[in-house]
Amino acid sequence: MPSPTQPPSHPFSVVALDVGGTKIAGALVTYPRKGAHPDVSHLASVPTDAARGGAAVLDDMVEVAHGLIAQATHPVIGIGADTAGVVDPETGSIAYANQIMPGWTGRPVARRLTDELDLPASNMGDVHAHALGEARWGAAVGLHSCLMVGIGTGLGGAFILDGKVVRGFRGAAGHIGHTLHHLANDLPCACGGSSHAETVTSGTALCARYQGRRFGDELDPSCMGAEIARRAETGDQRAIEAIEFAGNALGQAVGSWCNILDPEAVVLSGSVVNAGPRWRYALEQGFQSQALTPLSDTRIIEGALGSRAPLIGAAENLLDSIASTAKE
Ligand SMILES: [Zn+2]
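The text that follows walks through the structure, step by step, so that each part is easy to find. (Residues numbered from 1 in each chain as written. Predicted model: local features only at pLDDT ≥ 70, side-chain atom pairs only at ≥ 80, totals over all residues. Heavy atoms only, no water.)

## Thoughts on the environment of P120
Part 1: In this fold, P120 is placed in the loop between α2 (109-117) and β7 (121-125).
Part 2: When the C-alpha positions of P120 and A110 are compared, they lie 8.4 Å apart, and in sequence the two are ten residues distant. (Helix = DSSP H or I, 4+ residues; strand = E, 2+ residues; numbered from the N terminus.)

As structure tokens, this is what we get:
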């Protein structure tokens, strides 16, 4: 990898790539001057079309990066990627990916980007990148520690300590969706396990409950999260019950995790955060039912960066990797 020996001089840009099962998002993250909030621009997005296999997805990442470099008006100092799957913290390769990304396991993402673009490159897990973005420039700035909870189709998480993501020995730390939940009663989980928190707290779980289905069943796409939230506001009792159940179940799980970690605050992100005040109230009630007394004043706040969080986090990870290379 090209290894700069001194910090980049402002202004400069990082190409950020955020790769999930649905889309490959890219942007230029520009650092105008020291200490100033980075600017996210030139957003690009192509469908992941993951069924084509990991090699094709990686080819598309290279192409999106080329396109962004061509549009940059400041020097591009490297590529910061974040991807679905468990990412090896040392190499930026994919240590493990599930069936949503076939052929993704083993892909040397960071090395390939470096080889193709002749720039330093890094890669980290997408949930970890989201958390790092919020920790450096969003809702978790300045916090001693923070538990990030991302509630969308699934349930993901990350623990931030002193502004750094705790990635774990294998890069797999933070899989809060795959912890035991007493309300999950042997429900089969997307990971292959069962009785996991994701099956009762995620957006998918909420929709399944409203539609009278079990987690993992085929769902009616015309009546998903936003529509259920709208119906709850108009007094639809089944919608209210589903939202309150999912919110309370999540709150209980968050309380349990806080009993282990004692974070300064919990930061919520993901589409389900928009499920409305009933969901939020149920979450607080669930939290208080499980959190130990000394933790009962733990602040539960919302993320500030939205979909820009992983892009900024991926850029920050690249800057960290350049700084650590320069020190060696
Ligand atoms: Zn699971």
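Picking up after the structure, the text goes on.
## Quick notes on the sheet that holds strand β4 (residues 76-83)
Part 1: Spatial ordering of the open sheet is given by β3-β2-β1-β4-β7, a layout of five strands whose pairing is mixed. With partners counted over all chains shown, the strands left at the sheet margins are β3 (39-47) and β7, one partner each. For this sheet, the mean angle separating the axes of adjacent strands, direction not counted, is 20°.
Part 2: As judged from the seven bridges shared by strand β2 (residues 23-31) and β3, these two strands associate in the antiparallel manner. Among the inter-strand pairings, G26 is bridged to a residue of β3, identified as A44.
Part 3: Contacts from helix α3 (residues 126-137) reach β1 (12-19), β2, β4 and β7, with the element oriented near 105° to β7. (Pairing = 2+ DSSP bridges. Axes fitted to C-alpha atoms, helices over the stretch in contact; angles between N-to-C directions. Contact = heavy atoms within 4.5 Å.)

## Let's talk about the nonpolar core
Part 1: Core analysis: the largest hydrophobic core is formed by 36 residues, its most contacted members being V149, I151, L268 and W279.
Part 2: For this core, the secondary-structure elements that each account for two or more residues are β8 (145-151), α5 (203-210), α6 (225-233), α7 (237-261), β11 (265-269) and α8 (277-290).
Part 3: For this core, the element with the highest residue contribution is α7, accounting for ten residues.
Part 4: Residues contacting W279, with those up to four places away along its chain left out, are I151, I243, A246, G247, L250, L268, V272 and V273.
Part 5: Among the nonpolar cores identified, the runner-up in size contains 27 residues, and V15, I24, V62 and V76 belong to it. (Core = buried A, V, L, I, M, F, W, Y, C linked by side-chain atoms within 4.5 Å. Buried < 20%, exposed > 50% of the residue type's maximum accessible area, 1.4 Å probe, protein only.)

## Focus: the coordination of the zinc ion
Part 1: Note on the zinc ion: its protein donors are H178 (ND1), C189 (SG), C191 (SG) and H196 (ND1). The metal-donor distances range over 2.0 to 2.3 Å.
Part 2: Taken together, the four donor atoms coordinating the zinc ion span angles of 98 to 118° at the metal, a pattern that classifies the geometry as tetrahedral.
Part 3: Each donor residue of the zinc ion belongs to the same chain, and together they define the spacing H-x10-C-x1-C-x4-H.
Part 4: The exposure class assigned to C189 is buried, which follows from its relative accessible area of 9%. (Donors = N, O, S within 2.8 Å, 3.2 Å for Na, K, Ca; no water. Tetrahedral: all angles 85-135°; square planar, octahedral: opposite > 155°, others 65-115°.)

## With respect to α6
Every α-helix carries 3.6 residues per turn, so stepping three or four residues along brings you back to the same face.
Part 1: Those residues of α6 that sit buried are I228, A229 and A232. Mapping the buried residues of α6 onto a view down its axis gives an arc of 100°, with all of them on the same face.
Part 2: Those residues of α6 hidden inside the fold are in contact with α5, α7 and α8.
Part 3: A positive backbone phi angle near 95° is found at G235, which sits one or two residues after α6. (Arc of directions from axis to C-beta.)

## Here we look at unusual backbone geometry
Part 1: Geometrically, the link from H10 to P11 is a cis peptide bond, its omega value of -10° lying close to zero.
Part 2: Within the secondary structure layout, P11 lies in the segment before β1.
Part 3: One non-glycine residue, D118, lies in positive phi territory at about 55°.
Part 4: Residue class for D118 comes out exposed when judged on its relative accessible area of 59%.

## Remarks on the pattern of salt bridges
Side chains carrying opposite charge are able to pair once their charged atoms draw close together.
Part 1: Inspection of the entire model under this criterion finds twelve salt bridges.
Part 2: Of the charged contacts in the structure, one is a salt bridge between R209 and E241, with a shortest N-O distance of 2.9 Å. Pair noted here: R209 is in helix α5 and E241 is in helix α7, with a separation of 32 residues, a long-range link.
Part 3: For E241, a relative accessible area of 36% corresponds to the partly exposed category.
Part 4: With a closest N to O distance of 3.9 Å, R278 and E233 form a salt bridge. Pair noted here: R278 is in helix α8 and E233 is in helix α6, with a separation of 45 residues, a long-range link.
Part 5: For R278, a relative accessible area of 31% gives the class partly exposed. (Salt bridge = Lys/Arg side-chain N within 4 Å of Asp/Glu carboxyl O.)

Just geometry here; none of it tells us what the structure is for.
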